[in-house]
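Here are the chains, one letter per residue:
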Amino acid sequence: NKVVGGAIGAALAFTVLSLALWYINGFNILSEQLTTSSSLLPVIDSYTPSILTIVEQVLPFLKNMMANFEALFQQYNPTKEGESVSFS
């Protein structure tokens, strides 16, 4: 039980941390050098939208909130062309 609980706790902690880093990166707070040299950020960029899609399906009332975040990311991060922050 302790091993399974530890694994679930580690997965939850990684998810929360990745959400925080993903939002920070979405608002273009991190420097360009840090984002290009990071080995963890590409994993987070692919992992977090998938998790948010699952959460939207479980909790449908969050769909509008995610659409608002997508609009904010586009407003605060117009320099990253070709990138999409879509959750669906």
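Right above here is the structure, for reference.
What counts, and where the lines are drawn
Residues numbered from 1 in each chain as written. Predicted model: local features only at pLDDT ≥ 70, side-chain atom pairs only at ≥ 80, totals over all residues. Heavy atoms only, no water. Phe/Tyr/Trp six-rings, centres within 6.5 Å; stacked < 30°, edge-to-face > 60°. Helix = DSSP H or I, 4+ residues; strand = E, 2+ residues; numbered from the N terminus. Buried < 20%, exposed > 50% of the residue type's maximum accessible area, 1.4 Å probe, protein only. Expected span 1.5 Å × (residues − 1). Polar contact = N/O pair within 3.5 Å; in protein donor to acceptor, adjacent residues only side chain to side chain. Contact = heavy atoms within 4.5 Å. Core = buried A, V, L, I, M, F, W, Y, C linked by side-chain atoms within 4.5 Å. Patch = residues over 30% accessible without salt bridge, like charges linked within 9 Å, V, L, I, M, F, W, Y side chains within 5 Å. Areas by Shrake-Rupley, 256 points an atom, 1.4 Å probe, with all protein chains shown as cover. Salt bridge = Lys/Arg side-chain N within 4 Å of Asp/Glu carboxyl O. Axes fitted to C-alpha atoms, helices over the stretch in contact; angles between N-to-C directions. Parallel < 35°, antiparallel > 145°, perpendicular 65-115°, else oblique. Nonpolar A, V, L, I, M, F, W, Y, C, P; charged D, E, K, R; others polar.

Enquirer: Where do I start with the packing of aromatic side chains in this structure?
Expert: Centre distance and the angle of the planes are the two values used to describe a pair of aromatic rings. A full pass over the atoms with the stated rule returns 1 aromatic pair. Between Phe14 and Tyr47, the aromatic rings sit 5.0 Å apart at their centres with planes inclined by 55 degrees, giving tilted as the arrangement. Placement of the pair is Phe14 in helix 1 (residues 2–26) and Tyr47 in helix 3 (residues 41–58), with a sequence separation of 33 residues. Under the relative-accessibility criterion, Phe14 is labelled partly exposed at 30%. Take Tyr47: its relative accessible area is 25%, and that puts it in the partly exposed class.

Enquirer: Explain helix 1 here, please?
Expert: Owing to its 3.6 residues per turn, the α-helix brings residues three or four apart onto one side. Taking 1.5 Å as the rise per residue, helix 1 with 25 residues should run 36 Å; its terminal C-alpha atoms sit 35 Å apart, in good agreement. Within the sequence span of helix 1, burial applies to Thr15, Ser18, Trp22, Tyr23, Asn25 and Gly26. Directly after helix 1, the chain includes Asn28, whose backbone phi takes a positive value near 60 degrees.

Enquirer: Would you take a moment to explain the environment of Val43 for this structure?
Expert: In this fold, Val43 is placed in helix 3. The spatial distance from the C-alpha of Val43 to the C-alpha of Ser18 is 9.0 Å, given a sequence separation of 25 residues.

Enquirer: In this structure, what is going on with the side chain of Ser18? I would like to understand it.
Expert: On the secondary structure map, Ser18 appears in helix 1. Side chain to side chain, Ser18 and Thr48 meet in a polar contact 3.5 Å long. With residues near it in sequence (within four places) discarded, Ser18 still touches Ile44, Tyr47 and Thr48.

Enquirer: Would you explain the nonpolar core in this entry?
Expert: By size, the foremost hydrophobic cluster in this structure holds 6 residues: Trp22, Tyr23, Ile44, Leu52, Met66 and Phe73. Elements represented by at least two residues in this core include exactly helix 1, helix 3 and helix 4 (63–76). Residues within four places of Ile44 in sequence aside, it is in contact with Ser18, Leu21, Trp22 and Pro49.

Enquirer: Help me out: how do you make sense of a nonpolar patch on the surface in this one?
Expert: Together, Ile54, Val58, Leu59 and Phe61 make up an exposed nonpolar region whose accessible area comes to about 420 Å². Looking at where Leu59 falls in the secondary structure, it is placed in the loop between helix 3 and helix 4.

Enquirer: Even after reading the chapter, I still don't get the packing of helix 1 against helix 3, so can you show me in this structure?
Expert: Each packed pair of helices is defined by two parameters, the angle between the axes and the distance between the axes. Their axes nearest at 9 Å, the elements helix 1 and helix 3 cross at an angle of 105 degrees. Taken together, the axes of helix 1 and helix 3 lie roughly perpendicular to each other. Within the contact between the two elements, helix 1 uses Ala11, Phe14, Thr15, Ser18, Leu19, Leu21, Trp22, Tyr23 and Asn25 and helix 3 uses Leu41, Ile44, Asp45, Tyr47, Thr48, Pro49, Ile51 and Leu52. When the residues that make up the contact of helix 1 with helix 3 are grouped by side-chain class, the tally is 12 nonpolar, 4 polar and 1 charged.

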